[in-house]
Amino acid sequence: MERILRNDRPCWVLVGGRRRLGRALAEDLARDHDLVLTSSEPWGGETWVDDVSRTARIRTLQWNAEHPDLVSRMMADLDTLEADGWVISGAILLAGTFPASPLGTWTSEHLDATWRMNLSFPFLCAQALAPRLAEGACLQILLDTSIHQPWLQRLPYSAAKAGLAALVPGLAQLLAPKVRVVGHALGTLLPAEGSDVAFLASRTLLKRIGDPADLCRAVRFAADSPFLTGEVLTQDGGRRWVDR
Ligand SMILES: NC(=O)c1ccc[n+]([C@@H]2O[C@H](COP(=O)([O-])OP(=O)(O)OC[C@H]3O[C@@H](n4cnc5c(N)ncnc54)[C@H](OP(=O)(O)O)[C@@H]3O)[C@@H](O)[C@H]2O)c1
């Protein structure tokens, strides 16, 4: 256990740890973790990062799915972290996009972009991180309840998340017993701009949308559950059990 801890603080990588759910997770985890946060853009000016840096060791990186040198940059950054003594005991892949793409609007460019961001990027991040994860680490991947019932206006996105639903058990087999892999299939926690929240809530059994705290609890549960791997945990308020 000593190998993966620094003064009892695990070090986790949050890919897409700057905004929205990534930021909510980072702020929660920084209470008792050191964090490596990635963003597609250069960092600077985030007062919340300065705030959490008072208690946690924070390293910020720029990993952009669209960048042609993405893989070599990830490798170089992970080498630097290792050389600087960071031992990574957890990683969460959050980065994604949520594009509306109704039937009739699909083009190869649009499909490539959606799948590059929501499927290829998590695959490449998982591949880069896997050999760097410490014994006992947990790799967690953000999916969507669309793996159970696809979003009909967002089928390319839903197909990408279905691909990640195959990655979770596959990677769990490839990385066991050293590293565990867990997915989170989420219903709406932070609605996209312009969403009809009341409608989304009405389409769940619990008649509400979720909250970033629901995800925080689940990632801590997964990290603390050494017999859990290859599973996708669904938190969608029962969306998939609502009659259409
Ligand atoms: N929000 C929800 O209610 C919800 C529901 C179901 C599933 N999820 C899943 O949960 C995860 C987080 O969702 P979210 O709503 O917080 O965020 P999101 O808007 O889906 O995106 C997450 C992050 O991806 C990063 N990103 C965008 N383009 C990128 C690029 N080219 N290269 C690298 N990173 C890029 C962005 O961070 P930067 O701008 O800093 O790069 C963005 O903050 C996603 O995988 C999403 O599919 C969310």
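Just so it is clear, the model here is predicted, and its values are computed rather than measured. (Residues numbered from 1 in each chain as written. Predicted model: local features only at pLDDT ≥ 70, side-chain atom pairs only at ≥ 80, totals over all residues.)

**Let's talk about the overall build of the protein**
Reasoning step 1: The secondary structure content of the protein amounts to seven helices and eight strands.
Reasoning step 2: Over its C-alpha trace the protein gives a radius of gyration of 18 Å, about what one expects of a compact globule, namely 18 Å for 244 residues.
Reasoning step 3: Each of the three principal axes of the protein carries a C-alpha extent, and together these read 50 × 40 × 40 Å.
Reasoning step 4: Out of the 244 residues belonging to the protein, those deemed buried represent 38%.
Reasoning step 5: Residue pairs in contact within the protein that sit at least 24 positions apart in sequence constitute 67% of those at least 6 positions apart. (Helix = DSSP H or I, 4+ residues; strand = E, 2+ residues; numbered from the N terminus. Rg over C-alpha atoms; globule rule 2.2 N^0.38 Å. Buried ≥ 20, exposed ≤ 12 C-beta atoms within 10 Å, placed from the backbone. Contact = placed C-beta atoms within 7 Å.)

**Notes on helix α4 (residues 108-129)**
Working note: α-helix, 3.6 residues per turn, so residues spaced by three or four point in the same direction.
Reasoning step 1: An ideal rise of 1.5 Å per residue puts 32 Å on 22 residues; α4 measures up with 29 Å between its terminal C-alpha atoms.
Reasoning step 2: Of all bends in α4, the biggest is about 45 degrees, found at R116.
Reasoning step 3: Every buried residue belonging to α4 is among T114, M117, N118, L119, F121, P122, C125, A126, A128 and L129, and all of these are buried.
Reasoning step 4: On the buried face of α4, the contacting elements are β2 (9-15), α3 (70-83), β5 (88-93), β6 (133-144) and α5 (155-175). (Expected span 1.5 Å × (residues − 1). Bend = angle between axes of the 7 residues up to and from the residue.)

**Topic: the site of the ligand**
Reasoning step 1: By nearness alone, 25 residues border the ligand, and R20, L21, S39, S40 and G96 come closest of all.
Reasoning step 2: Of all the secondary-structure elements, those providing two or more residues to the shell around the ligand are α1 (20-29) and β6.
Reasoning step 3: Taken together, the residues of the shell around the ligand sort by class into eleven nonpolar, eight polar and six charged. (Near = placed C-beta within 6 Å. Nonpolar A, V, L, I, M, F, W, Y, C, P; charged D, E, K, R; others polar.)

**Topic: the confidence of the model for the protein**
Reasoning step 1: Across the protein, pLDDT averages 96, with 97% of residues at or above 70.
Reasoning step 2: Element-level pLDDT for the protein is lowest in strand β1 (residues 5-6), with a mean of 52, against a maximum mean of 99 in strand β7 (residues 180-186). (pLDDT = per-residue confidence, 0-100.)

**Brief notes about the packing of α3 against α4**
Reasoning step 1: Here α3 crosses α4 at 30 degrees, and the two axes come no closer than 10 Å. For α3 against α4, the interelement crossing comes out right-handed. Packed against α3, whose contacting residues are L70, V71, M74, M75 and L78, the element α4 presents L124, C125 and A128 at the interface.
Reasoning step 2: When grouped by side-chain class, the residues that make up the contact of α3 with α4 number eight nonpolar, no polar and no charged. (Axes fitted to C-alpha atoms, helices over the stretch in contact; angles between N-to-C directions. Left-handed = near helix turned anticlockwise from the far one by under 90°.)

**Topic: the pairing of strand β4 (residues 58-62)**
Reasoning step 1: Bridge count between strand β3 (residues 34-39) and β4: five bridges; the pairing is parallel. Pairing of V36 across the sheet is with R59, part of β4.
Reasoning step 2: For the handedness criterion, the β-α-β arrangement of β3, helix α2 (residues 47-52) and β4 is classed as right-handed. (Pairing = 2+ DSSP bridges. Right-handed = clockwise from strand over helix to strand, strands pointing away.)

**Brief notes about the environment of L61**
Reasoning step 1: Position of L61 relative to the elements: it lies in strand β4.
Reasoning step 2: Overall, L61 belongs to the partly exposed group, with 19 C-beta atoms counted inside 10 Å.
Reasoning step 3: Along the chain, L61 and R217 lie 156 residues apart, while their C-alpha atoms are 25 Å from each other.
Reasoning step 4: Ignoring anything within four residues of it in the chain, the contact list for L61 reads V36, T38 and D77.

**Here's the deal with the nonpolar core**
Reasoning step 1: Residues L14, L35, A91, L93 and L139 are the most contacted members of the largest nonpolar core, which totals 55 residues.
Reasoning step 2: Those residues in contact with A91 that lie beyond four places of it in its chain are W12, V13, L129, L133 and L139. (Core = buried A, V, L, I, M, F, W, Y, C linked by C-beta atoms within 7 Å.)

**A few points about α3**
Reasoning step 1: Taking 1.5 Å per residue, 14 residues should reach 20 Å; α3 reaches 20 Å between its end C-alpha atoms and fits that length.
Reasoning step 2: The element α3 is largely exposed, with a buried count of one among its 14 residues.

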